[in-house]
Amino acid sequence: MRNPGVPEAFEGRSVYERLINVMLDFDEVEDLKEIVHPEFTGYGSAAHEFFRTREDVKKMAEMQAQQLKGSGFGYTRRPVSEKVFAGGDACLVLENFLLFLPDSNHQLEVRLSALLEKIDGKWLVTHFHGSSPDTDIAEDEAFPEEGLRRKNLELEAKIKERTRDLEVEAALERTRAQSMLMQHSGELNAVSSVFHEQLLRLGIDSEFSFVWLPDEARENHIFWTTWTETTEGKQVYHSKAVTYPLDLTDAYNAACIADWESGVSVHEHFVPPGDIPDFFTSWEEMLEGAPHLKAEYFPQGIYYTEAFMKYGCFGIDIRRPLTEEEKSILHRFAIEFERTYTRFLDLQKAEAQAREARIETALEKVRTHTMGMRSSEDLSGVTSVMFEQMKELGGDLFAFGVVLCSKDKNVVEQWHSLADQGMISPFQVPVDLDYIHQYRYDQWKSGKDLFSIEIPEDYIETHFAKMYTLPSFKKAMEEVAARGFDITTPTWELDYGASFSHGYLLISSLAPFGESHIFPRFARVFEQAYTRFLDLQKAEAQAREAQIEAALERVRSRTMAMQHSDELAEASHLLDREVRGLGIKTWGCAFNIYREHDSLEWFGNEAGLLPTYTVPRQGIFKTYFDLGQEGESLFIKEIAGEECTAHYEFMSTLPVVGEVLKRLKETNGAFPSYQIDHVAYFKYGYLLFITREEVPQAHEIFKRFAKVFEQTYTRFLDLQLKEEQAVKLVEEKQRLEKTLSDLQATQKQLVHAEKMASLGELTAGIAHEIQNPLNFVNNFSEVSKELLEELMEELKKGDAEEVDAIAQDVIRNLEKIVHHGKRADSIVKGMLQHSRSSDGQKEPTDLNKLADEYLRLAYHGLRAKDKSFNASMETDFDTAVGIVDVIPQDIGRVLLNLVTNAFHAVTERKKHHPGEYDPRVTVKSRRTDEGAEIQVIDNGGGIPETIREKIFQPFFTTKPTGEGTGLGLSMSYDIISKGHGGELTMETAEGEGTVFKIILPVKKERT
């Protein structure tokens, strides 16, 4: 049964109770895995019960459960004492148990001592000892002298063994305590010293101890060495850690790895005397500062023993071999170091996380200031915050800066914060000023994220001396000095650079920065800040530009509305108001307009307007005039002291303005003694802006106002001439309208003449064509009359057979009359159709038939006019052309014009070459992918190259005066291209002939 009355005196009590529940209440033995240390040691109440591992305890618990569970076994408990030590991380519990079985009178009193330790934050049972009545005393012994002697010897041996065990345990406890005291990973050296010290206290006289930690992933391994030396009677412990590349081809490294992977926990090696020099040479860097650990002090050789663990090994170098017990102790120390190193890694991870949190907090502060930027001027605040955050992260910084670079320029711009002195004015530095600047620029240009360069003590003064030769840097330093800050040049400096797209962060440190890898992260955050700066700068520039444009527009609008030059006074007042509205503090503004020998000036300021006054071309006014004539766009004149007074004294002598200035002097007691004149020139004079202070940011604005005024004043001058120009324009308009009317009438006449000429040629051809069928009709009519007379005579004779033959001849004659009559009818209808004006409607037309008809009409038309005309006509018609939708009257006009021109061309050539020349005109047709094509080909003289580009121009003709209007080809081109969406082209060669080609689009038949 359980005794719930046992008080809980420490937080590990629940672990102790679970042990009792397993051992005496027969709970699941698997619970022992959570509450008993794997290397547990202990003694039971029986002589044979000695436990070295948790598995031994588990077997004992299983055996007791099998024998006693269900038997009515019970027990009572009586706590004796509890003692907490090792800073609360260990506890010893003493308790008496009375064990009994209800069915028997047997009882057994057992005393149990249990040791619990807090390991890696978890309470575990590491040892217990149970005692029971002595069974070694014989029943027949009155006084158990021999038994007691034997028992005492065994007890002494067990006490000695237990004492040694406790000594080892105490030594390990001290290492645990030191491990638990670790607050930072940097304290691992101190823990290593404690490990070495405790080994010495246990009588293991190590010359030095070491820890080997291989990291194959990173291809390196770390060595920690610890040794002692006596200084002024005191024993001092030294530790050192060195990281080396892990070369697995090295025999020693390969042997270490092999031992580690062998599964054997402890390996001992002897270094013979002959290998001692090489041995200590390999340890030379790790034992630096230990003069007694040299090869010459170990002529007999040395042993090194390695106890392996999860992370590598813990080992010692000693002059003798270790006993098995010492090897066991060394192995336990290695396991303890494994726990220590696990805690070290946990601390290291926690520190890294804490450090990362600090870094991220610093970055977030920079981001916060970045997002809080409201103007481009806030960028200096961001850089100052970045400087402070880097200092808080442990940087011993002299200065922090931003260097803006361009890959196309040889000059960089630097913005700097000095320690406790804030931001200084930016300055420009040539990248080749010295090797320091050149190196930093080259590293940025090559795309390096992080780089550094030392400015050594013997060069740093030269470096800064070169910087002071730069005017902008010298001015910036003078400004810092003017604020009362003392600038001390460092004697040594290490510059770090962290690149971003527009340049790099420059961190000038007075000592190496251990975590320089964080600088690129700051650079990336600054990239965001600089991008926002550029956006704000752009937005500010746009807003400023909009403000300036609005002011310019108001001045422009007012001056554009001027009807008289007297309004310039009001415009000057507006100009002054708009300039001041842009934040430019002016005392007044004036317009100065040149005349032949002097100028007119209009002045206005916040107080009001001055009447128009005349300015003579002398003194300062002549200077201003002369500079304007030399092409100056802006001239700035500072007038101070006596020169300023003399200027106003002279001005007070001038009419109009002089009276005003005299009253000003009476009111103020004196003339102004200082002003700056800004003279912005334009074509007709200049604008004068007077200020009391320098305004370099306004110079371009002054010039823009001058440019705007030049535009508006030009318009003002134009307005003065508008009435005269308007009259002239009306007269010119009337003249042009009359000319246009005359031209339109002439054009109509020419078009009519062209149409009539075309109709005349057509009529002549038709007349010739209709003559043939009419001749046939007349001839056959006369023959038929004669036949009918013969018929009458034969009827009288009664010759029926002859009558029938004559009748048949008459019928055939009448059929021919009908045939030729229909031919004449079709010719007349064609003439009527051609003469009708086109309604623009396309209709299906047989192009081959149309071309043939107009070829013959043109030929006979020319024959009717000139009986001597003669030429060969040829046709080559492609039946595939078929029916095409066209306006037949318009296409007929085009064909008539082209064929007629072709006949004229061959006729003209025949006149000049009357020999064997055969004049010939050919009309071809064919179907192509582009549509239906008609070619009119002649073998005339061709068209000269000088006029080929003009042949389709209206009114251009090569015919003699009075024989052509020059509209034929122009109208034909329009009919084909505009009326039918086709093409009319020409190919010619002088002395060979000309081809005019008509291409008409044809709708593709649906399949």
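Our subject is the structure that appears above.
Bear in mind that the values here come from a model prediction, so they are computed numbers and not experimental data.

**Some words on the overall build of the protein**
Then step 1. Scanning the protein from terminus to terminus reveals 23 helices and 32 strands.
Then step 2. Relative to its full complement of 1007 residues, the protein shows a buried share of 43%.
Then step 3. Considering only intrachain contacts with a sequence separation of at least 6, the fraction spanning at least 24 residues in the protein is 63%.
Then step 4. Carbon together with sulfur atoms contributes 52% to the accessible area of the protein, which is approximately 54,000 Å² in total.

**Re the nonpolar core**
Then step 1. Of all hydrophobic cores here, the largest spans 40 residues; its most connected members are Leu847, Leu895, Leu898, Phe903, Phe996 and Ile998.
Then step 2. Leave out the neighbours within four places in its chain, and Ile998 touches Val894, Leu895, Leu898, Ala932, Glu933, Ile934, Ile976, Glu983 and Leu984.

**Remarks on the side chain of Thr994**
Then step 1. Positionally, Thr994 belongs in strand β32 (residues 993-1000).
Then step 2. When its relative accessible area of 5% is taken as the criterion, Thr994 is described as buried.
Then step 3. Sequence-distant contacts of Thr994, defined by excluding residues within four places in its chain, comprise Val936, Ile937, Asp938, Gly942, Ile943, Met986, Glu987 and Thr988.

**Some details on the sheet that holds β32**
Then step 1. Here five strands make up an open sheet; going across it, the order is β27-β29-β30-β32-β31 and the pairing mixed. Both outer strands of the open sheet, β27 (872-876) and β31 (983-989), are each paired with one neighbouring strand and no more. Going from strand to strand, the sheet's axes swing by 15° on average, the running direction of each strand aside.
Then step 2. Here seven bridges tie β31 to β32, and the two strands are oriented antiparallel to one another.

**As for the packing of aromatic side chains**
Then step 1. Taken as a whole, this structure holds 49 aromatic pairs when the rule is applied.
Then step 2. Plain terms: the ring middles of Trp212 and Trp260 are 5.9 Å apart, the flat faces sit at 75° to each other, and that makes the pair edge-to-face. Of this pair, Trp212 sits in strand β7 (residues 208-215) while Trp260 sits in helix α6 (residues 251-261), placing them 48 residues apart in sequence.
Then step 3. Given the relative accessible area of 1%, Trp212 is considered buried.
Then step 4. Trp260 gets classed as partly exposed once you look at its relative accessible area, which sits at 23%.
Then step 5. Between Phe279 and Tyr304, the aromatic rings sit 6.0 Å apart at their centres with planes inclined by 20°, giving stacked as the arrangement. Here Phe279 is found in helix α7 (residues 276-282), whereas its partner Tyr304 is found in strand β11 (residues 302-308), with 25 residues between them in sequence.
Then step 6. Judged by relative accessible area, which is 9%, Phe279 ranks as buried.
Then step 7. Over the face of the ring belonging to Trp444 we find Lys407, whose NZ or CZ atom lies 5.9 Å from the ring centre.

**Focus on the environment of Tyr303**
Then step 1. Here Tyr303 lies in strand β11.
Then step 2. Note: C-alpha distance between Tyr303 and Ser206 (97 residues apart in sequence) is 9.7 Å.
Then step 3. Once you skip the residues sitting within four places of it in the chain, Tyr303 turns out to touch Glu268, His269, Phe270, Ile316, Asp317, Ile318, Arg319, Arg320 and Pro321.

**Some details on helix α15 (residues 620-629)**
Then step 1. Of all the residues in α15, the buried ones are Ile620, Phe621, Tyr624, Phe625, Leu627 and Gly628. Down the axis, α15 shows its buried residues gathered within 165° of arc, on one side only.
Then step 2. Directly beyond the C-terminal end of α15, a positive phi value near 100° is found at Gly631.

**Some words on the environment of Lys294**
Then step 1. Its location among the elements puts Lys294 in the loop between α7 and β11.
Then step 2. In this structure the C-alpha to C-alpha distance between Lys294 and Thr281, which are 13 residues apart in sequence, comes to 8.8 Å.

**Brief notes about the pattern of salt bridges**
Then step 1. The final tally for this structure, using the stated rule, is 35 salt bridges.
Then step 2. Residue Arg521 is joined to Glu360 by a salt bridge in which the shortest nitrogen-to-oxygen separation is 3.1 Å. Placement of Arg521 in helix α13 (residues 519-560) and of Glu360 in helix α8 (residues 324-371) is noted, with a sequence separation of 161 residues between them.
Then step 3. Among the ionic pairs, Arg856 bridges to Asp852, the shortest N-O distance being 3.3 Å. Of this pair, Arg856 and Asp852 both sit in helix α21 (residues 847-865), four residues apart, which is roughly one turn of the helix.
Then step 4. Given the relative accessible area of 35%, Arg856 is considered partly exposed.
Then step 5. Three or more residues joined by partner-sharing salt bridges are found here, namely Arg13, Glu17, Arg77, Glu82 and Glu95.

**Details of helix α12 (residues 471-482)**
Then step 1. With 12 residues, α12 should reach 16 Å at 1.5 Å per residue; the first-to-last C-alpha distance of 16 Å fits that figure.
Then step 2. Backbone geometry just after α12 places Gly484 at a positive phi near 90°.

**Remarks on the sheet that holds strand β3 (residues 74-85)**
Then step 1. Spatially, the six strands line up as an open sheet ordered β2-β1-β6-β5-β4-β3, and their pairing is mixed. Across the chains shown, the open sheet's two edge strands, defined by having one partner strand only, are β2 (50-51) and β3.
Then step 2. Docked against the sheet, helix α1 (residues 13-24) engages β1 (36-43), β3, β4 (90-100), β5 (107-119) and β6 (122-131), running at close to 150° with respect to β3.
Then step 3. The sheet contacts of helix α3 (residues 54-68) involve β1, β2 and β6, and relative to β1 the element is tilted by about 65°.

**Details of unusual backbone geometry**
Negative phi is the rule for most residues except glycine; trans is the rule for most peptide bonds.
Then step 1. In the Ramachandran plot, Phe26 falls in the positive-phi region, its phi being about 65° despite a non-glycine side chain.
Then step 2. Positionally, Phe26 belongs in the loop between α1 and α2 (32-35).
Then step 3. According to the relative accessible area criterion, Phe26 is buried, its value standing at 13%.
Then step 4. A positive phi angle is found at Asp120, which is not glycine, with a value near 50°.

**Details of the packing of α21 against helix α22 (residues 888-912)**
Then step 1. Relative orientation of the contacting elements α21 and α22 amounts to 45°, with a least axis distance of 9 Å. As judged from the angle between their axes, α21 and α22 are oblique. Once α21 is placed against α22, the crossing between them reads as right-handed. Together, Leu850, Ala851, Tyr854, Leu855, Ala858, Tyr859 and Leu862 of α21 and Pro888, Ile891, Gly892, Leu895, Leu896, Val899, Thr900, Phe903 and His904 of α22 make up the contact between the two elements.
Then step 2. In the contact of α21 with α22, the residues fall into 13 nonpolar, three polar and no charged.

**Quick word on the packing of α8 against α13**
Then step 1. Taken N-terminus to C-terminus, the directions of α8 and α13 make an angle of 10°; their axes are 9 Å apart at the nearest point. Here α8 lies roughly parallel to α13, going by the angle between them. Counted together, Glu356, Ile359, Glu360, Ala362, Leu363, Val366, Arg367, Thr370 and Met371 of α8 and Arg521, Phe522, Val525, Gln528, Ala529 and Arg532 of α13 form the full contact between these two elements.
Then step 2. Residues belonging to the contact of α8 with α13 are distributed by class as follows: eight nonpolar, two polar and five charged.

**Some words on the pairing of strand β8 (residues 220-231)**
Then step 1. Two strands pair when backbone bridges link them, and β7 and β8 are joined in this way by seven bridges, in the antiparallel orientation. Looking across to β8, one finds that Leu213 is bridged to Ile222.
Then step 2. Linking two consecutive strands that pair antiparallel, namely β7 and β8, is a turn of four residues; a positive phi of about 60° is found at Glu219 within it.
Then step 3. Strand direction decides the pairing type here: β8 and strand β9 (residues 234-245), joined by 12 bridges, are antiparallel. Bridge pairing links Thr228 to Tyr237 in β9.
Then step 4. Linking β8 to β9, which pair antiparallel, is a turn of two residues; within it Glu232 sits at a positive phi near 55°.

**Quick notes on the environment of Lys703**
Then step 1. By secondary structure assignment, the location of Lys703 is in helix α18 (residues 699-720).
Then step 2. In contact with Lys703, other than residues within four places in its own chain, are Ser633, Leu634 and Ala680.

**Some points on a negative patch on the surface**
Then step 1. Judged by side-chain charge, Glu782, Glu786, Glu789, Glu790, Glu793, Asp799, Glu801, Glu802 and Asp804 come together as a negatively charged surface patch.
Then step 2. Of all the elements in the fold, those that place two or more residues in the negative patch are α19 (722-797) and α20 (800-835).
Then step 3. A total of five residues in the negative patch trace back to one element, the largest contributor, which is α19.
Then step 4. You can see Glu786 is positioned in helix α19.

Reading guide: rules and limits
- Residues numbered from 1 in each chain as written.
- Predicted model: local features only at pLDDT ≥ 70, side-chain atom pairs only at ≥ 80, totals over all residues.
- Heavy atoms only, no water.
- Helix = DSSP H or I, 4+ residues; strand = E, 2+ residues; numbered from the N terminus.
- Buried < 20%, exposed > 50% of the residue type's maximum accessible area, 1.4 Å probe, protein only.
- Contact = heavy atoms within 4.5 Å.
- Areas by Shrake-Rupley, 256 points an atom, 1.4 Å probe, with all protein chains shown as cover.
- Core = buried A, V, L, I, M, F, W, Y, C linked by side-chain atoms within 4.5 Å.
- Pairing = 2+ DSSP bridges.
- Axes fitted to C-alpha atoms, helices over the stretch in contact; angles between N-to-C directions.
- Phe/Tyr/Trp six-rings, centres within 6.5 Å; stacked < 30°, edge-to-face > 60°.
- Lys NZ or Arg CZ within 6 Å of the ring centre and 35° of its normal.
- Arc of directions from axis to C-beta.
- Salt bridge = Lys/Arg side-chain N within 4 Å of Asp/Glu carboxyl O.
- Expected span 1.5 Å × (residues − 1).
- Parallel < 35°, antiparallel > 145°, perpendicular 65-115°, else oblique.
- Left-handed = near helix turned anticlockwise from the far one by under 90°.
- Nonpolar A, V, L, I, M, F, W, Y, C, P; charged D, E, K, R; others polar.
- Patch = residues over 30% accessible without salt bridge, like charges linked within 9 Å, V, L, I, M, F, W, Y side chains within 5 Å.
- Lys, Arg positive; Asp, Glu negative; His and termini not counted.
- Charge placed at Lys NZ, Arg CZ, Asp CG, Glu CD.

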